[in-house]
Amino acid sequence: MRIAVAGGTGTVGRHVVELARERGHDVASLSRAEGVDLVSGRGLDEALRGVDTLIDVSGINSTATKKAVDFFTNASQNLLAAEKKAGVQHQVVLSIVGIDKATSGLYAGKLVQEDIVRHGGVPWTLLRSTQFHEFVPLVVKTASAGPVVLVPKMFTQPVAAREVAEALVAAAEHGPQGRITDLGGPRLEELDGLVRAFLDRTGQRKRVVEVPFPGPMGKAMRSGALIPAPGAAVGRQTFVEWLEASSGKYRQEK
């Protein structure tokens, strides 16, 4: 197939691009670095010309509800318009487990995206996954204040980004299925413990302070609402295994 990957340079997107090419597909990566702007629509018509399937793993690094809603509204509407113009037959979208129980911040944006896709007129498949292992270094990067890391109290079941990419490429090959089985990692964890393990492994001397995140999202984090329900698909790689394989990269970047 001719596959376009929105967000193809991101954490999951780069794996999607690589795996799809390994499986023999003709793949185009869509990102601002490659001349495509989802929010404005710049470059989309040309990028989707001849595309059979779009895999959307685009995102925004913001906890602000308005920013997230605006991004996913504009990006999703622009993608759908360009898909219809190009005759795209299938849209595969990555979302997040539990977002209907945490209707603020990024999750509010993802809910809007899901609704637009469901009613957009292009046949679709929707996969919800838990946070990726890479979420932990992101927390350390964004929530550090000097020698302290403020970590939200959160139960999580992190999954390997590459395994999420495998599921997305498989969904693209299968054809439109609607919402498919959620995907989570192999172990239930507490975020503060993962952060401590990451800091120790990468040689960073910081004190972890666990704090409750406010609002509906914080409540969902603390209650376990962001954990997949029984019957969800389960990934293979644990956080510890990912950390052993990746810690060298983060030692160099810290």
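Residues numbered from 1 in each chain as written. Predicted model: local features only at pLDDT ≥ 70, side-chain atom pairs only at ≥ 80, totals over all residues. Heavy atoms only, no water.

Draft legend 1. Structural context of the nonpolar core. Grouped together as the largest cluster of nonpolar side chains are 27 residues, with contacts concentrated most on L191 and V195. Those elements that place two or more of their residues in this core are helix 5 (135-142), strand 7 (148-152), helix 7 (191-201), helix 8 (215-223) and helix 9 (239-253). Element by element, the count of residues in this core is highest for helix 7, at 5 residues. Residues contacting L191, with those up to four places away along its chain left out, are F135, V136, V139, V151, P152, M154 and T156. Counting 24 residues, the second largest nonpolar core, distinct from the first, contains I3, V159, V164 and A172. (Core = buried A, V, L, I, M, F, W, Y, C linked by side-chain atoms within 4.5 Å. Buried < 20%, exposed > 50% of the residue type's maximum accessible area, 1.4 Å probe, protein only. Helix = DSSP H or I, 4+ residues; strand = E, 2+ residues; numbered from the N terminus. Contact = heavy atoms within 4.5 Å.)

Draft legend 2. Quick look at the pairing of strand 2 (residues 26-30). In terms of burial, strand 2 is a largely internal element, 4 of the 5 residues being buried. When strand 1 (residues 2-6) meets strand 2, the two strands line up parallel, connected through 5 bridges. Along strand 2, the bridge assignment pairs V5 with S29. Once the chain exits strand 1 it traverses helix 1 (residues 13-22) before rejoining the sheet at strand 2, and the crossover so formed is right-handed. (Pairing = 2+ DSSP bridges. Right-handed = clockwise from strand over helix to strand, strands pointing away.)

Draft legend 3. Seen up close, the packing of helix 5 against helix 7. Where helix 5 contacts helix 7, the two axes come as close as 9 Å, and the packing angle between them is 80 degrees. Our classification of the angle between helix 5 and helix 7 gives roughly perpendicular. Residues F135, V136, P137, V139 and V140 of helix 5 form the contact with helix 7, whose own contacting residues are L191, L194, V195, F198 and L199. (Axes fitted to C-alpha atoms, helices over the stretch in contact; angles between N-to-C directions. Parallel < 35°, antiparallel > 145°, perpendicular 65-115°, else oblique.)

Draft legend 4. The sheet that holds strand 12 (residues 207-211), seen in detail. Pairing in this open sheet of 3 strands is mixed, and the strands run 6-7-12 from one edge to the other. Each edge of the open sheet is held by one strand with a lone partner, namely strand 6 (144-145) and strand 12. One ladder, built from 2 bridges, connects strand 6 with strand 7; its direction is antiparallel. Across the sheet, residue A145 finds its bridge partner in strand 7, namely V148. In the packing of helix 7 onto the sheet, contacts are made with strand 7 and strand 12, and the angle to strand 7 comes to roughly 150 degrees.

Draft legend 5. Structural detail: the pattern of salt bridges. For the structure on display, the rule yields 14 salt bridges. In this structure, R128 engages E114 in a salt bridge whose closest nitrogen and oxygen atoms are separated by 2.9 Å. Placement of R128 in strand 5 (residues 124-129) and of E114 in helix 4 (residues 105-118) is noted, with a sequence separation of 14 residues between them. Residues R128 and E114 agree in their burial class; the two are buried. Between R196 and D192 there is a salt bridge, and its shortest N-O distance comes to 2.8 Å. Residue R196 and its partner D192 are located together in helix 7, separated by 4 residues, close to a single helical turn. Look at R196 and you get partly exposed, because its relative accessible area is 40%. (Salt bridge = Lys/Arg side-chain N within 4 Å of Asp/Glu carboxyl O.)

Draft legend 6. Just the packing of helix 1 against helix 6 (residues 161-174), in detail. It is the contact of helix 1 with helix 6, at a shortest axis distance of 9 Å, that shows an interaxial angle of 50 degrees. As summarised for this structure, helix 1 and helix 6 are arranged oblique, according to the angle between their axes. For the element pair helix 1 and helix 6, the recorded crossing hand is right-handed. Contacts from H15, V16, E18, L19, A20 and E22 in helix 1 reach A161, R162, A165, E166, L168 and V169 in helix 6. (Left-handed = near helix turned anticlockwise from the far one by under 90°.)

Draft legend 7. Spatial organisation of the side chain of T202. Inspection of the secondary structure assignment puts T202 in the loop between helix 7 and strand 12. Looking at T202, its side chain comes within polar contact range of the main-chain oxygen of F198, at 2.7 Å. (Polar contact = N/O pair within 3.5 Å; in protein donor to acceptor, adjacent residues only side chain to side chain.)

Don't take any of this as a statement about function, it's just geometry.
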